[in-house]
Amino acid sequence: MNYNAWFAAQDDPSERHSLTEVVYYSKSGGLLEVQHDMDALRQRSAAEWKQLFESRWMRTTWPYGSGVWGKKEWLCPNIDDKNIVSMFEGGSNLFWAERLGQQIGVDDLWIKMCGNSHTGSFKDLGMTVLVSVVKQMISDGKPIRAVACASTGDTSAALAAYGAAAGIPTIVFLPKGKVSIAQLVQPVAHGALVLALDTDFDGCMRIVREVTASADSGIYLANSLNSLRIEGQKTVGIEIVQQFDWDVPDWIIIPGGNLGNTSALGKGVQMMYDLGLINRLPRIVCAQAERANPLYRAYKNGWRYEPISAQSTAASAIQIGDPISINRAISTLTRFNGIVEQASEQELADAAALADRTGAYACPHTGVALAALSKLVKRGEIKKSDRVVVISTAHGLKFSRFKVDYHEGKLEGAVGTYANPPVELPADVDAVRRVIEARMAVA
Ligand SMILES: Cc1ncc(COP(=O)(O)O)c(C=O)c1O
């Protein structure tokens, strides 16, 4: 069967481009979407697709054991397998958060641990597709010298790692002083050209768009306005449903910044629906930090959107005031009967700490999503018996400073409600026993 996909203009689907063309915008300046030949995909029944995906899931046959490339026909069907740059991304644990659910008041709570991945965040899902297409373009003779992105930290880590694995030079634009040490050191270690600019993410985004604007620059743009990223990221929703043996959860909660991920989640689930693998849609909640909440404000304002200047938040990867995928996200949330919720610094920090107490290790963005969950449960929007999945977007280990500051009572804008600092003692057995007994008495 010949499967096919192409870039289509959002505002004029008759405008089409090959996925290996260097093009980011439609003729009228809008974003491009990857569209698939759905008639060709329908030649396989829903049951056959499920069977195919199951047969590949986490197996060793290159490259189909990757959670992303196991769904190759749905993403980027025409790429040559020899050009695929994969690090076995996807297939992350769907963690049954039983104890956390009991504390929050939901019986069936799950956390999709997307941070358990090669570079420690969900960005690997999209970057494997984009870098693979770049490798295909280079092998087709396209004059690409480097791949570039603006980033709040995780995108640059993923781009640098996949570029390094493929031998493709990478350039990353970071807002100086606004990403975690772990996120900064990843592209440095992978040999990317790291440009720390004296601006915020939105400022970096403006500059990288200019630098990559002309195809003559030979510098290819890897931000999620490039829909190749969305194709990989959309597998997250498909994986969640697959991990429930093709059962659809009632709710999926996701933290949002530039909003590519929210749109990607909707796109993957919608594709399953359109191809008959599922017969209902989950509701989607996008969670934003109160200090960087342009989507939340739009939601409260009849979807009327105004860019803002994002304030400093511990959820630094979503500190974005003018999200590129705002329109995509609004249309996703409209289709999925969506809700937007926000979390203060106190709420996000406490939500992450509470999750840690039950065995998760939540990054601040996951904290934002968990705080949104608590609020929706308290308001009665999410019911005790609902099946809820929270998407954890990065590994908590990338945000050690956030955790240390919380437990030492030094986090800006929050007190350490669940702080558990180390107890410093002399090397004295009696003193040790006293502290143990005191702790056991309150446990
Ligand atoms: C850890 C983390 N969570 C959430 C997001 C938000 O994703 P998006 O920008 O696609 O909304 C990002 C994006 O950088 C991220 O790195």
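To be clear, the structure that these remarks concern was listed above.
This one's a predicted model, so the numbers in the text were calculated from it and none came from an experiment. (Residues numbered from 1 in each chain as written. Predicted model: local features only at pLDDT ≥ 70, side-chain atom pairs only at ≥ 80, totals over all residues. Heavy atoms only, no water.)

## Some remarks on the pairing of strand β12 (residues 339-343)
- Counting buried positions over the five residues of β12 gives five, a clear majority of the element.
- Residue alternation in β12 divides its side chains into two sets, Ile339, Glu341 and Ala343 and Val340 and Gln342, and both sets are buried.
- Direction of pairing for strand β11 (residues 283-289) relative to β12: parallel, over a ladder of five bridges. Opposite Cys286, over in β12, you have Val340 as the bridge partner. (Buried < 20%, exposed > 50% of the residue type's maximum accessible area, 1.4 Å probe, protein only. Helix = DSSP H or I, 4+ residues; strand = E, 2+ residues; numbered from the N terminus. Pairing = 2+ DSSP bridges.)

## As for the site of the ligand
- Not every one of the 16 residues close to the ligand is listed here, only the nearest: Asp154, Gly257, Asn258, Leu259 and Thr393.
- A distance of 2.9 Å separates an oxygen atom of the ligand from a polar atom in the side chain of Lys123.
- In this structure, a nitrogen atom belonging to the ligand sits 2.7 Å away from a side-chain N or O atom of Thr393.
- Considered on its own, the ligand offers 390 Å² of accessible surface; in the complex 98% of this is hidden by protein.
- Counted by class, the shell around the ligand contains six nonpolar, eight polar and two charged residues. (Near = heavy atom within 4 Å. Polar contact = N/O pair within 3.5 Å; in protein donor to acceptor, adjacent residues only side chain to side chain. Areas by Shrake-Rupley, 256 points an atom, 1.4 Å probe, with all protein chains shown as cover. Nonpolar A, V, L, I, M, F, W, Y, C, P; charged D, E, K, R; others polar.)

## Re the sheet that holds strand β3 (residues 32-36)
- The strand order across the open sheet built from three strands is β2-β1-β3, with neighbouring strands paired in antiparallel fashion. Looking along the sheet, the strands with just one partner apiece sit at the ends: β2 (16-17) and β3.
- Sheet topology note: the strand β1 (residues 5-9)/β3 ladder contains five bridges and is antiparallel. Note on β3: the bridge partner recorded for Ala9 is Leu32.

## Here we look at the sheet that holds β11
- Across the sheet, six strands lie side by side as β4-β5-β13-β10-β11-β12; this open sheet has mixed pairing. Edge positions in the sheet fall to β4 (94-96) and β12, since each of these pairs with one other strand and no more. The sheet shows a mean angle of 25° between the axes of neighbouring strands, taken without regard to direction.
- The sheet strands contacting helix α15 (residues 364-378) are β5 (108-113), β10 (251-255), β11, β12 and β13 (387-392), and the helix crosses β12 at an angle near 115°. (Axes fitted to C-alpha atoms, helices over the stretch in contact; angles between N-to-C directions. Contact = heavy atoms within 4.5 Å.)

## Considering the packing of aromatic side chains
- On inspection of all chains with the given rule, the structure shows nine aromatic pairs.
- For the pair Tyr3 and Trp49, a centre-to-centre distance of 5.8 Å together with 50° between the ring planes defines the contact as tilted. Taken together, the residues Tyr3 in the segment before β1 and Trp49 in helix α2 (residues 46-56) connect sequence positions 46 residues apart.
- Judged by relative accessible area, Tyr3 falls into the buried class, the value being 12%.
- With relative accessibility at 0%, the residue Trp49 sits in the buried group.
- Measuring from ring centre to ring centre gives 5.1 Å for Phe53 and Trp74, while their planes differ by 75°; the resulting arrangement is edge-to-face. Of this pair, Phe53 sits in helix α2 while Trp74 sits in helix α3 (residues 72-75), placing them 21 residues apart in sequence.
- On the basis of relative accessibility, which here comes to 1%, the residue Phe53 falls in the buried class.
- Note on Trp74: relative accessible area 0%, which makes it buried.
- Aromatic ring contacts, followed pair by pair, group Tyr3, Trp49, Phe53 and Trp74 into a single cluster.
- Here Arg44 stacks its cationic end above the ring of Trp49, 4.8 Å away from the centre of that ring. (Phe/Tyr/Trp six-rings, centres within 6.5 Å; stacked < 30°, edge-to-face > 60°. Lys NZ or Arg CZ within 6 Å of the ring centre and 35° of its normal.)

## So, the packing of helix α14 (residues 345-357) against helix α16 (residues 400-407)
- The contact between α14 and α16 brings their axes to 11 Å, and the two run at 95°. Relative to α16, α14 is oriented roughly perpendicular. Residues Leu348, Ala349, Asp350, Ala352, Ala353 and Asp356 of α14 touch α16, and the partners they reach there are Phe402, Lys403 and Tyr406.
- In terms of residue class, the contact of α14 with α16 is built from six nonpolar, no polar and three charged. (Parallel < 35°, antiparallel > 145°, perpendicular 65-115°, else oblique.)

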